[in-house]
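Chains, contacts and geometry: an overview
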Amino acid sequence: MTIEPITAPDVHPIQEVLNQVHEKYRSLNLGTPATYIPELAKTDPKLFGICIVTVDGEQFSVGDAEQLFTIQSISKVFVHGLALEDHGREQVLSKVGVEPTGDAFNAIVLDEQSKRPYNPMVNAGAIATTSLIKGQGASERLNRMLAMFERYIGHESYIDMPTFMSERTTGFRNRAMAYLMRNFGMIDDRIDESLDLYFQQCSLMVNCCDLATMAATLANQGKNPRTGVQAVPSCYVRDMLSVMYMCGMYNYSGEWAYRVGLPAKSGVSGGLMVVVPGRLGLGIFSPPLDERGNSVRGVKVCEDLSEQFGLHLFECEERS
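Residues numbered from 1 in each chain as written. Predicted model: local features only at pLDDT ≥ 70, side-chain atom pairs only at ≥ 80, totals over all residues. Heavy atoms only, no water.

1. A look at helix α12 (residues 296-309)
The condition is simple: Where helices and strands are cited, they refer to DSSP runs of H or I of at least four residues and of E of at least two residues respectively, numbered from the N terminus. Between the first and last residue of a helix there are one fewer steps than residues, each counted as 1.5 Å, and that sum is the expected span. The buried label goes to any residue with under 20% of its type's maximum accessible area, the exposed label to any with over 50%, and the partly exposed label to all in between, with areas taken from a 1.4 Å probe on protein chains only. Counting of polar contacts relies on pairs of N or O atoms within 3.5 Å, with two restrictions inside protein: one atom must be capable of donating a hydrogen and the other of accepting it, and residues adjacent in sequence are counted only when both atoms are side-chain atoms.
End to end, α12 covers 20 Å across 14 residues, agreeing with the expected 20 Å (1.5 Å per residue, within 8%). Within α12 the residues assigned to the buried category are V296, R297, G298, V299, V301, C302, D304, L305 and S306. Of the residues that open α12, the one with a side-chain oxygen 3.1 Å from the backbone nitrogen of G298 is S295. G310 lies just past α12 and shows a positive phi near 60 degrees.

2. Remarks on the sheet that holds strand β7 (residues 280-285)
As a reminder, the rule being used: Note on pairing: two strands pair once DSSP finds at least 2 bridges between them. Lines fitted to the C-alpha atoms define the axes, with helices restricted to the stretch that makes contact. Angles between their N-to-C directions range from 0 to 180 degrees. Should any heavy atoms of two residues lie within 4.5 Å, those residues are counted as being in contact.
Across the sheet, 5 strands lie side by side as β2-β1-β7-β6-β5; this open sheet has antiparallel pairing. The two strands at the open ends of the sheet, each matched to only one other strand, are β2 (59-63) and β5 (264-266). When strand polarity is set aside, the average angle formed by the axes of neighbouring strands in this sheet is 10 degrees. Direction of pairing for strand β1 (residues 49-54) relative to β2: antiparallel, over a ladder of 5 bridges. Paired with I50 across the two strands is V62, which belongs to β2. Its contacts with the sheet place helix α9 (residues 208-219) against β1, β2, β6 (271-276) and β7, and it is angled at close to 150 degrees to β7.

3. What to know about the nonpolar core
We count it as follows: Buried Ala, Val, Leu, Ile, Met, Phe, Trp, Tyr and Cys residues form a nonpolar core when they are joined through side-chain atoms within 4.5 Å.
F78, F149, Y152, M214, L218 and M273 are the most contacted members of the largest nonpolar core, which totals 66 residues. Look past the residues within four positions of F78 in its chain and what remains in contact with it is M148, F149, Y152, M214, L218, M240 and M273. Within the second largest apolar cluster, 26 residues are counted, among which are V62, M249, L272 and L280.

4. Some words on the environment of K265
For K265, the position within the fold is in strand β5. On the basis of relative accessible area, K265 is assigned to the buried category, the value being 0%. Contacts of K265, omitting those with residues within four sequence positions, involve S73, I74, K76, V77, M121, M244, G248, M249, Y250, G271, L272 and M273. A distance of 3.2 Å separates the side chain of K265 from the backbone oxygen of G248, its partner in a polar contact.

5. Focus: unusual backbone geometry
The phi torsion at Q221 lies on the positive side, around 60 degrees, for a residue other than glycine. For Q221, the position within the fold is in the loop between α9 and α10 (237-247). For Q221, a relative accessible area of 45% gives the class partly exposed. Here the phi dihedral of Y250 falls at roughly 55 degrees; this positive angle occurs in a residue that is not glycine. Here Y250 is to be found in the loop between α10 and α11 (253-259). For Y250, a relative accessible area of 5% gives the class buried.

6. Quick notes on the pairing of β7
Counting buried positions over the 6 residues of β7 gives 6, a clear majority of the element. Two elements, β1 and β7, share 6 bridges in a ladder whose sense is antiparallel. What sits directly across from I50, in β7, is I284. Pairing analysis gives 6 bridges linking β6 to β7, with the strands arranged antiparallel. Along β7, the bridge assignment pairs L272 with I284. Where β6 hands over to β7, the hairpin turn is made up of 3 residues, of which G278 adopts a positive phi near 80 degrees.

7. Quick look at the packing of helix α4 (residues 123-131) against helix α8 (residues 191-202)
Heads up, the rule is: Angle categories are assigned with fixed cut-offs, so that under 35 degrees is roughly parallel, over 145 is roughly antiparallel, 65 to 115 is roughly perpendicular, and the rest are oblique. Crossings are sorted by hand: turned counterclockwise from the far helix by less than a right angle, the near helix makes the crossing left-handed, and turned clockwise it makes it right-handed. The classification used treats Ala, Val, Leu, Ile, Met, Phe, Trp, Tyr, Cys and Pro as nonpolar, Asp, Glu, Lys and Arg as charged, and all other residues, Gly among them, as polar.
Running from N to C, α4 and α8 cross one another at 110 degrees; their axes reach a closest spacing of 9 Å. Compared by their axis directions, α4 and α8 come out roughly perpendicular. Relative to α8, α4 is oriented so that their crossing is right-handed. On α8, the residues that touch N123, A126, I127, T130 and S131 of α4 are S194, L195, L197, Y198 and Q201. The residue makeup of the contact of α4 with α8, split by class, is 5 nonpolar, 5 polar and no charged.

Right, dumping it as structure tokens:
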């Protein structure tokens, strides 16, 4: 009797690529976790996960892809989308610009002529878009925001209270921005309520697979590819991706557009979300940050993938 050898099942090409880039950058030890928010300083710098979700709903992951962390500034993309739903493009634009800035994400600065914050991806602009969320009182506004995130993620999430309290008690720069914008009429007088909502949105717990699903939803014209739920009207996806492309990587956004060429948003917890329009979403988590506040391993992974597979939006050569 002949015994057939047992062969390992074929590895999907996407999974094989993820395994390779994870192994390539796993030992990279550059950067340090954020320390200005005390809760973030406690994060293990060795954590490293990657996940891809396609517009067909397929999911591929490697490493610490199920590790929960706070979404931080990545939340700004989706709250911007909710503000667009609530008020429309022109009304939002009257309160928040869409111009890139070479300043740090937490700079206390407004456009000298319009008095608007420069864009929704810096802290001042994000506070302004959060202030636009409709609702009677703090609870209704928070519930609307959580329901919005659930449409993108595909399941309920929650606010991490220690991080929220940590941000609330140390957020003096954000309070200064809010009062400056109130002086110029960019936000209303619900300053403390809107700031709490902003700190809560940044403290939402997600993992790499959640980020990849959220990115894939934007890649799929606003429809969650895993649940079929329309998370945001498709007419606003263009606005969201445009601002991500120009402003999503803090004051590295220009070089990011040059090297990687895809809409993306980073967060100081170490998360990074990337959209390949019409194809897939990518979520990465690695806490050590560079001097601009972007995940060191995350940026390297994206540069690698964009170069390997011609993912840059302006790549002329067609590749599968």
